[in-house]
Structures are given as structure tokens and as C-alpha cells.
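The lines below spell out each chain.
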There are 2 protein chains.
Amino acid sequence: MKFRSRFLEIDPGRPIVFINEEDAKRIKCRPTDLIKLEVGTKTVYGEVAIDNINIKPGEIGLTGEFLRANISQGEPVNVLPAGTPESVRYIKKKMRGEKLKKVEIEAIVKDIVDRKLREVEISAFVTALEVHDLDMDEVASLTVAMAETGDMLDIDRKPIMDVHSIGGVPGNKTNMIVVPIVAAAGLTIPKTSSRAITSAAGTADVMEVLAGVSFSLDEIKRIVEKVGGCLVWGGALNLAPADDLTIHVERALSVDPKGLMLASIMSKKYAMGAQYVTIDIPTGKGVKVEGMEQARSLAKDFIELGKRLGQYVEVAITYGGQPVGHSVGPALEARELMETLIHGKGPGSLVEKATGLAGIILEMGGIAPAGMGKRMAKEILESGKAYEKMREIIEAQGGDPNIKPEDIPIGDKTYTFTAATSGYITGIHNKAITEIARQAGAPEDKGAGIKLYVKVGEKIKEGNPLFTIHAESEARLEQAIVTARRSDPIKIEGMVLQRIGNL
Amino acid sequence: MKFRSRFLEIDPGRPIVFINEEDAKRIKCRPTDLIKLEVGTKTVYGEVAIDNINIKPGEIGLTGEFLRANISQGEPVNVLPAGTPESVRYIKKKMRGEKLKKVEIEAIVKDIVDRKLREVEISAFVTALEVHDLDMDEVASLTVAMAETGDMLDIDRKPIMDVHSIGGVPGNKTNMIVVPIVAAAGLTIPKTSSRAITSAAGTADVMEVLAGVSFSLDEIKRIVEKVGGCLVWGGALNLAPADDLTIHVERALSVDPKGLMLASIMSKKYAMGAQYVTIDIPTGKGVKVEGMEQARSLAKDFIELGKRLGQYVEVAITYGGQPVGHSVGPALEARELMETLIHGKGPGSLVEKATGLAGIILEMGGIAPAGMGKRMAKEILESGKAYEKMREIIEAQGGDPNIKPEDIPIGDKTYTFTAATSGYITGIHNKAITEIARQAGAPEDKGAGIKLYVKVGEKIKEGNPLFTIHAESEARLEQAIVTARRSDPIKIEGMVLQRIGNL
């Protein structure tokens, strides 16, 4: 049956086709049914919703998601029932614990991207993977299928380097120092990042304080071919689009099957054309990977997967037991990293980690002799060349290259916690720090966050400041203070850890 | 934040809360997020959709599903973010293959009914059950939890009998003869049925040709207390409401975990107060349960589950290899069963099956001595007492008790297929028969369906009629004819099944 299409300013988070009750009866479709829309030579899929207020008989209403398929307002659309996609059979095969063939994985990924698989089926797929997971053949097929069903970048400057940190450590602005060091050394590093989802600041949120982060692939190509590197947001690009949909489900179920995690990360590197990839696995309490054994096993998986993709992968297992540097939150982190770049030095945890990771990349890229990468990275940082490169990147991304750290606005509603007792700092609770910064308004309020005055192992006296909360409003500050009081994020203990009485 | 509620005539098949973009930003919720609505003393849950065309700031739009929660138009609603429900942890426990405790199953079922679990989580639950399934303790907990989170019937006429057929056999109007026989014998049998989903006619669709089928539980109580039985639609009742939501997911994934299937059937019997339950498991090609071994194992499960629920269960494994009787489709089946009741006799397959099942129930209910149930059932049918009781039931359900079979309108657009060769009928393909009847318009077009002239084993001559398709429109008739030509539903073979040439 032919319909006149109309876009509705309704966003239900999935591609929904609104149809009048009369027409729905006529074509025998019910709410949540999958239907097929033929528009010219294009075919797209959506879920049915009955709508008698916005939609008259003969019309269908489309959500914004269909704009991506280049359908225009008023275009005639042929609506047909869509049967169960073939790929549901492969999802059921995985439920039974069987190994999937390359073509079967490709069919699942293609149907996810085409929206032939709805959330109900994607959830079954994710659950089946959580139960049975994938072997390395399957992960490699999944990674390539995810990359190839999206856009891919082809930069005319080889070799292409990339770096990725598995999340979880607050204040991890490290890669914003790694990228300018690597680019200053003459290598190409088109770095895409995400925004914070559960953290207080993603790399894209921090970079956005200094410059634009939303660019098309063509613009990214031009930026990187000019200055050798970028720090952009990957979310607006159509990189491995199946990943967004599976991640949405993983988050709802709070599961994270290893095979999906590997494919999620590596499909984006693959799509960006990366040939040499450094993976940073922070390890410690309160981050994604808590134990060394788990970190080593994951490292092997990344390296093995890289081999199958034709990428050379090295992994750095880093210390993630406390925040990196002294700041958490977009603007506070932007200040700290710019100070570090300008002065060529900064907090030990930040400089050591950034130069360590950059050093690996310099060696991989053949710029530094084996074992000399870190020293060279440090020289590039200390010489001001990294800062010069960062200015170029900021300018290429439409920011002000002359920005001074002290000009970056931070939240002026503040509250400082002090030590209730003298002793040694024995722990800083990552998750609590993140939660306080988020309660203060990060990452949406760019100026919100935490400034830390202490790190684990330091000696402290009663009454000394521990950390300051920054917020943009009193209400947010209050919330963060309440959270901080409850969660007690910094542990202080005397040297005598336990005193046993006279029994 | 407080909002003014408004009902929107939009049915997306799930409880959705439409909210203006501005407000969504303010309360930090995104499309598909779960949110909690407090209305007076009531708390309900829904998924967020952004809507800038129907909804102004300060308003929220609600779908019809919220009417059930007794929210009224314009009522002030407090909207809060809803965290991840605790029961997601139990779903993940089942993903790991662990046994769930009674309280954990209760939490999952309660959260399904309260709509705190969305489709994405229900799909994970169903998938986890498809992979690991439930043991009998878990099935019993699930059954009771499903019944007790819905409405329950308490009829003042004990004992309460019930009968249920596992689906799949076309033309299975059997229980519409069983119920009047059992009620005529003085037993109480409050039978609820479903409408067709994938079949050509559910019992409720057939009964609707003769009388009303949509009643409240109070009305059903009055009908049954008066005439001893009923034949009503269970779908409008709030019986085991979690079941509708899990079935919706099972259908999308085309999975049917055994534990869920048992709980789905038995929770409704439990909610109707049934003490003695007869389960009919048709077995044969093209029905749900194809092999005898599978049927026996399922029978044991039903009996064991009944014990745990305090119900006495008997199972009849019946022949389901071809349609029951000679008609398929609501009106054609209504004609056939009324003829059978009026004359006290009818097609062998129908009468044998109906009196066999009724006989078991008469013995269970202590009306017939052991081994004598079937004979007594046959006497009740032949004597006209079953017909008399059916008239009472039809009248109590608002139909015309004097209706004559020949007055029931059937589709007048017909086409008859004849035998292309002489031979023996060696097979009638259940699924093909169902598909042809559905293409002809059944179950929505009550008069659509198939009249069969042959059954398996019969001898036939070339040119003899095999079956007639009835439809209410030429277009539908055409569709059904095309389907019939393609699917070739009736197999005729000579006695020589294979002739091997002179090699």
C-alpha cells in the first residue's frame, strides 16, 4: 500500500513508523511489528505505532532516524509487512552455543544496521553472547562486519597510529597529551573519542572545552592530512554503527560480553584505517579491569585480534588504582593538560603515563629506536613541540590556539574537604570521585568537577585540604557535597593499621 | 518535577511517556530511558520519547496503557528517573545458569507487570530461559507469581474443572463440545480461550460467531455459577498479565522455552481456580509437539507442576497429524460443531476426541466411574443434553440459543480443488491448511476458511473434490488459491509408492 510520508518531531529512540489505525487494520500490522518501507529504490525498516492524532489515513509519520536514509518529506512510500529476518536464526544458533560462520555474523550485523533487528532481537543476541561469548574467529568477523557496514576513513599519510584507553579511571586526560606528542614526531594519529557516559568527562568532553569536536569524515581527513592528528568526537561519525545499538542494550542489561567489547573498540580503529594500535588497560580497584591476570588475558586477545585484522597492536597495562593527575571534570582537566603541555611538565602520574604510551607509539612507528620511545616522548613534551602541535590541532578544529589555562572558566561554587585526622593516604576511591563530579554537574556542566590535592601514599596533617568540588550552581554543589559525605572517597590511616588489645 | 498529564491517541505497543525536549534536558532523561511516574499514591513506569509536536513544556503525554493504572487526564504527575531495577540482577543470574529463588522469580514477574522491565530486559530473560530453562521448583514459583500478579477468579461451585489444548491442529473446535458435555453432567468448567495468533481460528474466534466472548471476571462468575460453564476470551481479562509480555518477546524471537510455556498455560488455570485440569497434547507432523517421546516428557512435566500447585492434572496425548473434523475457520467451525451438538454425532475425529477428553474430566470430577467416562460423555452428547447446555451457555453469553447451523453466514466466494489423480490420501499438511485459511481472511473474516472433503487414509478418484476455500472477497479468494497451488496441502499416492525401472 502506498503512503505519503511525513516527518514527525518525535524521538522515541528507535525508528518508528506512525500509522493511522484504519490503515494499520488494512495492512494487518500491529504496534511493534516490523514493517518494510520502499521509497524509490531505497528499502528501510521500522516498528509500527498507531497514531490517530498526527496521522490521517493515507499518511505515515516517520521519526528523524529515517532522515539518514535520505527520505524526504512527502515522498511516496510503499509499506509492506516484513517477515522475521533470516539472521534471527543465527542468533538462535548462538543461543544454543554453536559457533557462527562469517556470513552469519555479517548477516546479523547488516540487519542490526538496517534496523531489521529490533531491540528485542538485539537484546537476545547480546544475552546469547553474554552466556556463550565468541571465539577469536567470530570476534574478527564481527569486527570487520561492524566496520564495513559503516563509513571508513582513508587518510593519505601512512602509517596511521591510534591509541585507546579502556575506561574507568577518573581524570584520564592522558591521550590529549599523547596525540600532540605523536603528531609532533611526524606520525599520523586520527584520534576519535567518546563523550562520558558513566564517567565525569570523556576525552571528547574535555577537548570540547578547547575546540570543536564534531566533524565529518571529510573534514577529519583534511585536518589530519594538514596537522598530523586530531582529537574529535567519534559519536557523530557513522563508524561501526551497529556498535551504538548493541551498546545501548548492553547498558540496559549492565552486561559487557568480552567479544563485543573487543569488536566495539577495534572496529572503530579499523574503520579509521589504523595500522598500529596501542591499547591502554588501566588496572586497579574501581576500574573495568581490576586484576593483573584479567588484564594480561585481555591484552593477549587484543594482540591476537589485531593480527587477524592486519593491525599491529601493543598493549600497556597501566596503574588505574586512583585518578590520573589532580583534576576531574571537563574544564578542570583541560586546564591541567594545557598547563602540562605549556610547561612541558606536570603531575607525575599524567606525564609518566602519557610519555609511556606515546613512547610505545613512537617505537611502533619507527621514529624511536627500541627502548628509547619514552625518552623521546618526554623530550618532545619538555621542548614545547607537543604544545606547538596542540595549538595547531586546536586551531584546525576551530578553537583558539592562544587560550591560556587560567582563562578556561571553571565552576565558581566551591567547597573544600579537609583531613579529619593526620596519617597516610591509603586509598582514593575511583567510583566515588566520579560520582561526586557527576553530582556536581559534570560532564554537562563543563566547569563542574573535582580538584584533588593528594595522591595515594602521601602523608597528610589534620585540617589539610583533600579536594575541592567545583560546581556551576549552588544546588549542584549541595548534591555533590552530600554524595561526598556519604561516600568518603579518600581513606587516611595511621602507620599502625590495627592495634590488638591485651587479651 | 511536576507535569500535567494528557492522554495521546498513540499506541506504540509499550507504555511510553512523551515529553518535550526542554523538559527532557531538565530532568536529564533520554529516549528509551525508564522513568517513574508518581500520581497521587500510585507509581507507574514508562519509557521516554521526546515529542515536540503534541507536548508543550510542563506537560507529559501518556499512551493508553496508563489508563489501566487509573490515571486521569490532567492529573498532576511527578516524574523521576528510575534506576536499573533490582530484578535485572536475577536475570543476569539466570544468564549464568544459576537456579533462581522464589523471591527472585517473584521480583522479575512483579517488575514485568509493573513495566519496570522493558522489552530489552524481558528479551534477555526469555533468552536466558531458552539457553538454561527452569527446573520444576522455578516453574512452580513462576506459575504462581504470574497468576498472583493478575486477577483471580473464585467461583462458588466446586470442584472446578478445566481443559486446555496445546495449539497447532487446524479445525480444533473440540473444547467447544467438551465444555457443554462436562457442564451438562453437573460439573463446573469456566473455560477461557485465546484468539488465533498464528492459527486460522482460536476457540474464542469460533465462539464469537455464536455469542459474546468478552466479559469481566464478575460477569464470568455469574455466568458460570448459573449455567456451570462458559466459553469466553481470556485476553481481555487481567489473568497472569506478565504472560502477554513474555509471549510477545517469544514470538519475535520464535523461541518457546519449556518452563515459560508450562507457566503460561498453568498460571491461567490457576488464576481461574481450576482444581482438575486436562491437558490435550496433539502430536503429529506440523503441530507443536511432533514426537511421542517429547509428548510424554511434556505430559510428565504438566502433572508434576500440577502437584506443586495443588492441582490434579491428567494429560491426553491425541492424534494431531491432520485437521480435526472437516472445517477450518471461525464460521465453518461454528457450523460443524453446532451440527454435531444438535445431531449428537459428527465427524469421527471430532466426536472421538471430544468425548475422550470429556470422559477424562467426568472421571476426574467423580461423575463417571473409572473407565466409564467416555461412554458417559458420548451418551450426554447423543441424548441432546450437551446441545441443551450449549444453548444455555450461548444465551448466558448474550447469543441466540436458537441459532441454526445453516443460518451462520460463511464466505460466498468459493473455489474447490479436485484430485488430479486417483489414489489414497497419504497426508494433509496442517501448516499449509492453516496458511490457506488465513490467506482467505481467517480469523478476521469470520466466514473465511476451508471445508475439507477428505481425511488421511481415504481412497479418492481423479476429479473428486478435495476441499473448498471460502472467502468474503474475491481478492482474498485469489490469494488463498495462489497459496494452495504453491503449497499443495493434500498428498495423494497410489499403492505403488515407488517404481524402480529396469536398471
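In this report, the structure presented in the accompanying data block is examined. Everything numeric in this text was worked out from a predicted model, so none of it was measured.

**Quick word on the overall build of chain A**
Along its length, chain A carries 17 helices and 19 strands. Compactness check: chain A gives a C-alpha radius of gyration of 25 Å against a globular reference of 23 Å for 503 residues, within 12% of the reference. Its C-alpha atoms give chain A principal-axis dimensions of roughly 80 × 55 × 55 Å. Restricting to contacts in chain A with at least 6 residues of sequence separation, those with at least 24 account for 79%. Counting every atom, chain A has about 20800 Å² of accessible surface; 49% of that belongs to carbon and sulfur. Here chain A contributes 65 positive and 69 negative side-chain charges, whose respective centroids are spaced 2 Å apart.

**Structural notes on the side chain of T468(B)**
All names here are of chain B. You can see T468 is positioned in strand β18 (residues 465–471). Judged by its relative accessible area of 4%, T468 is buried. A distance of 2.8 Å separates a polar atom in the side chain of T468 from a polar atom in the side chain of T416. There is a polar contact of 2.5 Å between the side chain of T468 and the side chain of Y453. Once you skip the residues sitting within four places of it in the chain, T468 turns out to touch T414, Y415, T416, G449, I450, K451 and Y453.

**Quick word on the pattern of salt bridges**
All names here are of chain A. Taken as a whole and assessed by the stated rule, the structure comprises 70 salt bridges over all chains. A salt bridge links K93 to E104, with the nearest nitrogen and oxygen atoms 2.9 Å apart. Of this pair, K93 sits in helix α2 (residues 87–95) while E104 sits in helix α3 (residues 102–113); the two residues are 11 residues apart in sequence, bridging distant segments of the chain. Neither K93 nor E104 differs from the other in exposure class; each is buried.

**Quick notes on unusual backbone geometry**
Residues other than glycine predominantly adopt negative phi, and peptide bonds predominantly adopt the trans conformation. Residue and element names in this part refer to chain A. Here the bond from K158 into P159 is cis, since omega is -5°, no more than 30 degrees from zero. Here P159 shows up in the loop between α5 (136–148) and β8 (161–165). The step from A442 to P443 runs through a cis peptide bond, and the omega angle for that step is 5°. Phi at A240 takes a positive value of approximately 40°, unusual for a residue other than glycine.

**Thoughts on the nonpolar core**
A general tendency of soluble globular proteins is for nonpolar side chains to be buried together. Membership of the largest hydrophobic core comes to 104 residues, with the highest contact counts inside it found for I279(A), I281(A), F302(A), I279(B), I281(B) and F302(B). Beyond its immediate sequence surroundings of up to four residues, I281(B) is in contact with I166(B), V289(B), A295(B), L298(B), A299(B), F302(B), V315(B), A316(B), I317(B) and T318(B).

**Digging into the relation of the copies chain A and chain B**
Related by rotation about an axis and a shift along that axis, the two copies of the chain form a pair. Mapping chain A onto chain B leaves a residual RMSD of 0.1 Å; the transformation is a rotation of 180° accompanied by 0.2 Å of translation along its axis. Considering both components of the superposition, the chain copies are consistent with a two-fold axis. Most of the interface of chain A is mirrored in chain B, where 98% of its interface residues again form contacts.

**As for the packing of helix α6 (residues 175–184) of chain A against helix α12 (residues 330–343) of chain A**
All names here are of chain A. The contact between α6 and α12 brings their axes to 10 Å, and the two run at 35°. The handedness of the crossing between α6 and α12 comes out as right-handed. Packed against α6, whose contacting residues are M176, I177 and P180, the element α12 presents L337, T340 and L341 at the interface.

**Describing the interface of chain A and chain B**
Between chain A and chain B, the contact holds 44 residues from the first and 43 residues from the second. Summed over both sides, the interface of chain A with chain B buries roughly 3600 Å², with 58% coming from carbon and sulfur. Remark: the boundary between chain A and chain B carries 4 salt bridges. Where E444(A) meets K28(B), a salt bridge forms, and the shortest distance between an N and an O atom there is 3.3 Å. Where chain A meets chain B, there are 16 residue pairs in polar contact (both at pLDDT 80 or more). When residues of the side of chain A that touches chain B are traced back to their parent elements, those giving at least two are β2 (10–11), β5 (42–51), α2, α4 (119–132) and α9 (241–253) of chain A. Counting residues per element, the side of chain A that touches chain B draws most heavily on α4(A), at 10 residues. Note that β2(A) and strand β5 (residues 42–51) of chain B share 2 bridges and pair antiparallel. The residue of β5(B) that forms the bridge with D11(A) is I50(B).

**Considerations on the packing of aromatic side chains**
Residue and element names in this part refer to chain A. Under the defined criterion, the tally for this structure stands at 6 aromatic pairs over all chains. Look at F417 and F467: their rings are 4.9 Å apart centre to centre, the planes differ by 10°, and that puts the pair in the stacked class. Note that F417 is positioned in strand β14 (residues 413–418) and F467 in strand β18 (residues 465–471), a separation of 50 residues in sequence. Assessed through its relative accessible area of 14%, F417 is described here as buried. Three or more aromatic residues joined by ring pairs make a cluster, and in this case those are Y415, F417 and F467. Sitting above the plane of the W233 ring, R195 keeps its charged end 4.4 Å from the centroid.

**Section: the sheet that holds strand β17 (residues 459–460) of chain B**
Residues and elements named next belong to chain B. The strand order across the open sheet formed by 3 strands is β17-β15-β19, and the pairing between neighbours is antiparallel. Looking at the sheet topology across the chains shown, the edges are occupied by β17 and β19 (490–493). Two elements, strand β15 (residues 423–428) and β19, share 4 bridges in a ladder whose sense is antiparallel. In the sheet register, Y424 faces β19, and the bridge partner there is E493.

**Side note on the environment of I247(A)**
Residues and elements named next belong to chain A. Its place among the elements puts I247 in helix α9. Residue I247 is classed as partly exposed on the basis of its relative accessible area of 23%. Linking I247 and A274, residues 27 residues apart in sequence, is a C-alpha distance of 22 Å.

**Remarks on the pairing of strand β3 (residues 16–19) of chain A**
Residues and elements named next belong to chain A. Of the two faces of β3, the one lined by I16 and F18 and the one lined by V17 and I19 are each fully buried. Two strands pair when backbone bridges link them, and β3 and β5 are joined in this way by 4 bridges, in the parallel orientation. Its bridge partner lying in β5, I16 is registered against E47. Two strands pair when backbone bridges link them, and β3 and strand β6 (residues 59–62) are joined in this way by 3 bridges, in the antiparallel orientation. Residue V17 lies in a different strand from β6, and its bridge partner there is L62.

**Section: the sheet that holds strand β11 (residues 276–283) of chain A**
Residues and elements named next belong to chain A. Here 3 strands make up an open sheet; going across it, the order is β8-β11-β12 and the pairing parallel. If you trace the sheet from one side to the other, it starts and ends with β8 and β12 (312–319), each paired once. Direction aside, the axes of adjacent strands within the sheet are offset by 20° on average. Strand direction decides the pairing type here: β8 and β11, joined by 5 bridges, are parallel. Considered in β11, the bridge of M161 is made with Y276. Against the sheet, helix α13 (residues 348–364) touches β8, β11 and β12, its axis set at about 155° to β11.

Rules of the game
- Residues numbered from 1 in each chain as written.
- Chains lettered and ligands numbered in written order.
- Predicted model: local features only at pLDDT ≥ 70, side-chain atom pairs only at ≥ 80, totals over all residues.
- Heavy atoms only, no water.
- Helix = DSSP H or I, 4+ residues; strand = E, 2+ residues; numbered from the N terminus.
- Rg over C-alpha atoms; globule rule 2.2 N^0.38 Å.
- Contact = heavy atoms within 4.5 Å.
- Areas by Shrake-Rupley, 256 points an atom, 1.4 Å probe, with all protein chains shown as cover.
- Lys, Arg positive; Asp, Glu negative; His and termini not counted.
- Charge placed at Lys NZ, Arg CZ, Asp CG, Glu CD.
- Buried < 20%, exposed > 50% of the residue type's maximum accessible area, 1.4 Å probe, protein only.
- Polar contact = N/O pair within 3.5 Å; in protein donor to acceptor, adjacent residues only side chain to side chain.
- Salt bridge = Lys/Arg side-chain N within 4 Å of Asp/Glu carboxyl O.
- Core = buried A, V, L, I, M, F, W, Y, C linked by side-chain atoms within 4.5 Å.
- Least-squares fit on C-alpha atoms with pLDDT ≥ 70 in both.
- Axes fitted to C-alpha atoms, helices over the stretch in contact; angles between N-to-C directions.
- Left-handed = near helix turned anticlockwise from the far one by under 90°.
- Buried area = accessible area lost by both parts, 1.4 Å probe.
- Pairing = 2+ DSSP bridges.
- Phe/Tyr/Trp six-rings, centres within 6.5 Å; stacked < 30°, edge-to-face > 60°.
- Lys NZ or Arg CZ within 6 Å of the ring centre and 35° of its normal.

Purely geometric numbers; function is a separate question.
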